Amino acid sequence: MVTPTLGYAARDEANPLSRFDFERRDLRPADVQIDIHYCGVCHSDLHQVHNDWGNTVYPLVPGHEIVGRVAAIGSEVDKFTVGDVVAVGCLVDSCQRCEPCEGGEEQYCLKAATQTYNDKDRIDGSPTHGGYSKRIVVRQEFVLRMSDKLDPAAAAPLLCAGITVYSPLNYHRVSSGTRLGVIGLGGLGHMAIKFGAAMGAEVTLFTTSPSKIEEAKRLGAHKVVLSSDREQMKTARGYFDLLIDTVPKPHSMNEYLMCLRRNGNMVLVGPIGMMDPPIHLGLLISARKALSGSAIGGISETQQMLDFCADRGITCDVEMINIQDINQAYERMQRNDVHYRFVIDMASLK
């Protein structure tokens, strides 16, 4: 059995998104049906719509920063009740049995976690469709609780932008005394600054734009280094314990690696695709530095992040749009004309 629903979809890589009638599966025993109220617009949505990564299957309903309310539950659901405000992020399933899954890191599932969109259901093989829609059906293990302390619209991008930077900060135990550098001020970078400051770190933004200095300080940065200024970069050498690189396009990393202290780590989180970064290996070997990557977070860590945000009043800086404005929003994203995340009011979808 299936349930008709309505969304916005890309039919191919060349044409705008438009209204799309499709079907959601009826509830399985462990499923939760969610009426979607808000959905964040991630840069990954734009890449998938345009098939920048060469794996898009059309028609495609994007969206993996979802906040809504439980409308119905399956017979075996014991974690949620009808009316609960909940969230769904980048994943809707995994094998649940491999070592990463059992360790709460479903994003690294050895059998590949099921993505919220542009993927296939593990049971019936049907395409997964995301949050640019009226409703979604998800197994309860991949549904998250949303505190009533959080603005649900401004919290939506936490489900991707937030957890993408929270996870490496949490893994590396950022706390008081940590010297944290954030490279790039966008959807990810602005959340890394907020989280780092809330965790007690000394936070420095690296940016090419002098116009972002005051903005970075408003978000919680203690210092700003203009990476286009060679003298400023020299003064930052050997200083940082951890660098979070959020820049989503090819760029040289050598200057940033020189800014790490002995045993420092530079973590890549930007959606850089198949970039082949030019790295001088001597910069790693000479001071036992590390270059690593990080991908979102598991379900338990994402819930931990949402609770952390509720306790400290942290949300994303967002601009609300109607679903009918999504194509214009994509054009603005390509021009970097958003501070810092679009969120769709799904009540506009009629």
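Refer to the structure above for everything that follows.
Quantities reported herein were computed from a predicted structural model and do not represent experimental measurements. (Residues numbered from 1 in each chain as written. Predicted model: local features only at pLDDT ≥ 70, side-chain atom pairs only at ≥ 80, totals over all residues. Heavy atoms only, no water.)

Student: Help me out: how do you make sense of the packing of aromatic side chains in this one?
Tutor: Two aromatic rings are characterised by how far apart their centres lie and by the angle between their planes. Per the stated rule, a full pass over the model turns up seven aromatic pairs. Plain terms: the ring middles of tyrosine 239 and phenylalanine 240 are 5.1 Å apart, the flat faces sit at 80° to each other, and that makes the pair edge-to-face. Each member of the aromatic cluster is reached from another via a ring pair, and the members are Phe206, Tyr239, Phe240 and Tyr256. Sitting over the face of the ring of tyrosine 239, arginine 179 holds its NZ or CZ atom 4.1 Å from the ring centroid. (Phe/Tyr/Trp six-rings, centres within 6.5 Å; stacked < 30°, edge-to-face > 60°. Lys NZ or Arg CZ within 6 Å of the ring centre and 35° of its normal.)

Student: Explain empty space enclosed by the protein here, please?
Tutor: Take a probe with the size of a water molecule and roll it over the atoms, and the empty space left behind shows itself. Under the definition given, this model contains one cavity of 30 Å³ or more. Volume-wise, the largest cavity comes out at about 80 Å³. Around the largest cavity sit Gly89, Cys90, Leu91, Leu144, Leu159, Ile163, Ile296, Gly297, Ile299 and Thr302, which together line it. (1 Å grid on protein atoms, 1.4 Å probe; cavity = no way out; pocket = protein on both sides within 12 Å on 5 of 7 lines; lining within 4 Å. Points joined across faces, edges and corners; volume = space filled by probe spheres on them.)

Student: Help me understand the packing of helix α4 (residues 161-171) against helix α5 (residues 187-198) in this model?
Tutor: For any two helices packed against each other, one specifies the crossing angle of their axes together with the interaxial distance. Packing of α4 against α5 leaves a shortest axis separation of 8 Å and a crossing angle of 50°. In terms of their interaxial angle, α4 and α5 are classed as oblique. The two elements α4 and α5 cross, and the hand of that crossing is right-handed. Mapping the contact onto sequence places Ala161, Gly162, Thr164, Val165, Tyr166 and Leu169 in α4 and Gly187, Leu188, Met191, Ala192, Phe195 and Gly196 in α5. Looking at the contact of α4 with α5, its residues break down into eight nonpolar, four polar and no charged. (Axes fitted to C-alpha atoms, helices over the stretch in contact; angles between N-to-C directions. Helix = DSSP H or I, 4+ residues; strand = E, 2+ residues; numbered from the N terminus. Parallel < 35°, antiparallel > 145°, perpendicular 65-115°, else oblique. Left-handed = near helix turned anticlockwise from the far one by under 90°. Contact = heavy atoms within 4.5 Å. Nonpolar A, V, L, I, M, F, W, Y, C, P; charged D, E, K, R; others polar.)

Student: Got a minute to help me understand the sheet that holds strand β15 (residues 290-293) in this structure?
Tutor: Here we have six strands laid out as an open sheet, ordered β12-β11-β10-β13-β14-β15, and parallel in their pairing. Two strands bound the open sheet, and with one partner strand each, they are β12 (223-226) and β15. Put simply, the sheet's adjacent strands are angled 20° from each other on average, direction ignored. Here strand β14 (residues 260-268) runs beside β15; their pairing, made up of four bridges, is parallel. Note on β15: the bridge partner recorded for leucine 268 is glycine 293. The sheet strands contacting α4 are β10 (179-183), β13 (240-245) and β14, and the helix crosses β13 at an angle near 160°. On top of the sheet, α5 reaches β10 and β11 (202-207); it is set at about 170° to β10, its chief contact. (Pairing = 2+ DSSP bridges.)

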